[in-house]
Amino acid sequence: MISLTNVKKVYAGGVTALNNVSLHIDPGELVGIVGPSGSGKSTMLNMLGTLDQPSSGSVRIDGHDVGGLSDTKLAALRATRIGFVFQHFHLAAGVAVVDNVADGLLYAGIRLGERRERAAKALERVGLGHRMNHRPHELSGGERQRVAIARAVTGNPSLLLADEPTGALDSTSGATVMRLLRELHEMGTTVVIITHDGDIAKSLDRQVHMRDGGITRDSTREHALIAEARR
Amino acid sequence: MTSTLQRPPRMSARDVLRVGAVGLRTRPMRAFLSSLGIAIGIAAMAAVVGISSSSQADLDRTLSALGTNLLTATPGNTLTGEQAKLPVESEDMVGRIEAVQEVSALGHISEAKVYRTDKVPEEQTNGISAYATRLDVLSVTGGEIGRGSWLNKATDDYPATVLGSVAAERLGVREPGVHVLIGNTWFTVVGILDEVPLATELDTAALLGWPAAQTYLNWEPHPSTIYTRSADAHVHTVRDLLGATVNPEAPNEVEVSRPSDALAAKQAAGEVFTGLLLGLGAVALLVGGVGVANTMVISVLERRSEIGLRRSLGATRGQIRTQFLAESLLLAALGGAGGVLLGALVTAGYSAYQMWPIVVPAWALAGGLGSTLVIGAIAGLYPAIRASRLSPTEALATT
Ligand SMILES: Nc1ncnc2c1ncn2[C@@H]1O[C@H](COP(=O)(O)OP(=O)(O)OP(=O)(O)O)[C@@H](O)[C@H]1O
Ligand SMILES: [Mg+2]
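These figures come from a predicted structure and were not determined experimentally.

Student: How should I be thinking about the overall build of chain B in this particular structure?
Tutor: Regarding its fold elements, chain B presents 13 helices and 11 strands. Projected onto the principal axes, the alpha-carbon positions of chain B cover approximately 115 × 50 × 40 Å. For chain B, the residues scored as buried account for 47% of the 399 residues in total. Within chain B, residue pairs in contact and separated by at least 24 positions form 80% of the contacts whose partners lie at least 6 positions apart. Looking at chain B as shown, the accessible area adds up to about 19,500 Å², and 59% of this sits on carbon and sulfur atoms.

Student: I'm lost on the sheet that holds strand 1 (residues 2–10) of chain A in this one. Help?
Tutor: Strand pairs in the sheet, formed through backbone hydrogen bonds, run parallel or antiparallel to each other. All names here are of chain A. Here four strands make up an open sheet; going across it, the order is 2-1-4-5 and the pairing antiparallel. The open sheet has two edge strands, strand 2 (16–25) and strand 5 (64–65), and neither has a second partner. Bridging between strand 4 (residues 56–61) and strand 5 involves two bridges; their strand directions are antiparallel. Across the sheet, I61 pairs through a bridge with H64, a residue of strand 5.

Student: I tried to follow the pairing of strand 2 (residues 100–108) of chain B on my own but got confused; where do I start?
Tutor: Remark: a regular strand shows side chains that alternate across the two faces of the sheet. Bridge analysis of strand 2 of chain B against strand 10 (residues 225–230) of chain B gives six bridges, and the strand direction is antiparallel. Looking at strand 10 of chain B, one finds that V100(B) is bridged to S230(B).

Student: What is the right way to look at the side chain of T154(A) in this model?
Tutor: Tracing the sequence through the fold places T154(A) in the loop between helix 5 (141–153) and strand 7 (159–163). If near-sequence neighbours (up to four positions away) are discounted, T154(A) is found in contact with V101(A), L105(A), R118(A) and A122(A).

Student: How do you make sense of the pairing of strand 4 (residues 129–133) of chain B when you look at a structure like this?
Tutor: Residue and element names in this part refer to chain B. Burial within strand 4 is extensive, with five of its five residues counted as buried. On strand 4, burial covers both faces: S129, Y131 and T133 on one face and A130 and A132 on the other are all buried. Where strand 2 meets strand 4, three bridges bridge the pair, whose relative direction is antiparallel. Across the sheet, H108 pairs through a bridge with Y131, a residue of strand 4. In terms of strand pairing, strand 4 meets strand 9 (residues 205–209) through five bridges, oriented parallel. Residue S129 lies in a different strand from strand 9, and its bridge partner there is A205.

Rules and cut-offs
Residues numbered from 1 in each chain as written. Chains lettered and ligands numbered in written order. Predicted model: local features only at pLDDT ≥ 70, side-chain atom pairs only at ≥ 80, totals over all residues. Heavy atoms only, no water. Helix = DSSP H or I, 4+ residues; strand = E, 2+ residues; numbered from the N terminus. Buried < 20%, exposed > 50% of the residue type's maximum accessible area, 1.4 Å probe, protein only. Contact = heavy atoms within 4.5 Å. Areas by Shrake-Rupley, 256 points an atom, 1.4 Å probe, with all protein chains shown as cover. Pairing = 2+ DSSP bridges.

Everything listed is a geometric property; what it means functionally is a separate question.
Dropping the structure here:
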């Protein structure tokens, strides 16, 4: 599904946010990326989502070498294969929830009527079928994040990337959001989640630990359980 | 899992419009104000063109009703600079020109002043002149009687007068039947004329019968203005002959003019002014365009996170560019449509008020709308390109 090989990212100011990182994620995995603030998690997610290009090294997604793709091809990749969920939802204010979700299909070249139908289905899936015509400001934070998830998955992406999706939510809403992401994973979607929350991280199949732009540990849940048992 | 990447189909025109209208829907007041700038410019230009076309149409209508075949001969100056006189027999001479169909004349009674009462000091003349008139002056000049009646065989030799529209107003005469003092004689006002566009001297005239002027005012009969009508095809020939016919001894002491030309010339003088107003409208339009550009620059700055989101949803750079260009075009087009409508309404209102035919030229409307689109495109280009160059991560970083 995804492989990063010797990826390095140096920002304009001279900050090395990723330093020779190599990572392979198989289709259908549920991966958590954890680490202290400034360790390069978001930078890594941007690489995985083709939103940014590495300074050196290569990124392959779904068999495509991202470095060799034109802007149009990259956009097509994002439009059809990748869904994003952000910490701050990024919903359009004043636009009905169903239209916010339908915009997830806008750039995949689907007609408006069908976009709305599919958006309605995605909203049912996240349990917001009854709030379709509400505006985002009428929803709670957790509900807004569920709308954002609906928008990310209405195009049936094979890869879902979430940057601290529960970061702005209370624990109950956070749990609902996590349940939804896990459901998606169970249906076959590759899901990568950045999180600060240790409990959430532990509940994921695989955890990638980062520090200072490098991967310090990459363990499956079994590893973690074993490690805990040993102590 | 792996498959070839297919480029999604292009966005439909409808989707481009919907996305372009996002900014307008979320900030309607700002959109309204920035299109208002364009609207004012376009409205000004459309109204100027519309009003000048309507006034032109009115002139055309007037000219075709009044005819362009009226020629007048008046005395000019002698070589020594004195006021020349037309010979007494000049009327008959003109009548003998073959192409001339109708002849008529006025005779200025220079000594006679016109007053409403005998209490007014003699120096105050109101600018009203007394004229002896032939009975057919009205039909030859295309004048119309507004109230009362015109002079006839019976009143021709009778102390009766017909006042021009301006003269009646200045004398405070609204209805026929009152008396006015001309020279030292009281004359009964029998009629009041409407304005006579082709013979404005009639507007400020008090008109008496030719014999009456001689009987009551001791006037020595001399024509001062000769009017002729001839077939349209011969107007030029008659014009060339008129001076020599009126005064064979001193043709250059006769001034020949074609009043319809003077009307058209007045219109042409107005066109310079029209051009000036049009220029002002263009400046307003330009300012409106700058307003739209400004709105777009701000819009792009404010909506960085929306841009980032759209990029993450799969928008290409081109699609972002198109979105903001469409928004700018929409703003300008809304302004243009509003402006054209406003300009047409102003034209209609003003023309109706002036009793002109309402003419709003299609080319002006199309041109107005077309120019707003050009302005919208220019105003939106730079902001749109900036928006499309934003890197998705940078755009998303601003919350
Ligand atoms: N656009 C940028 N320009 C310059 N430096 C940047 C930029 N984005 C991130 N950085 C730097 O790169 C490093 C890694 O940033 P990154 O956002 O990936 O951290 P993070 O692990 O996501 O942190 P957090 O948990 O606080 O979100 C940081 O030192 C940050 O200051
Ligand atoms: Mg981060």
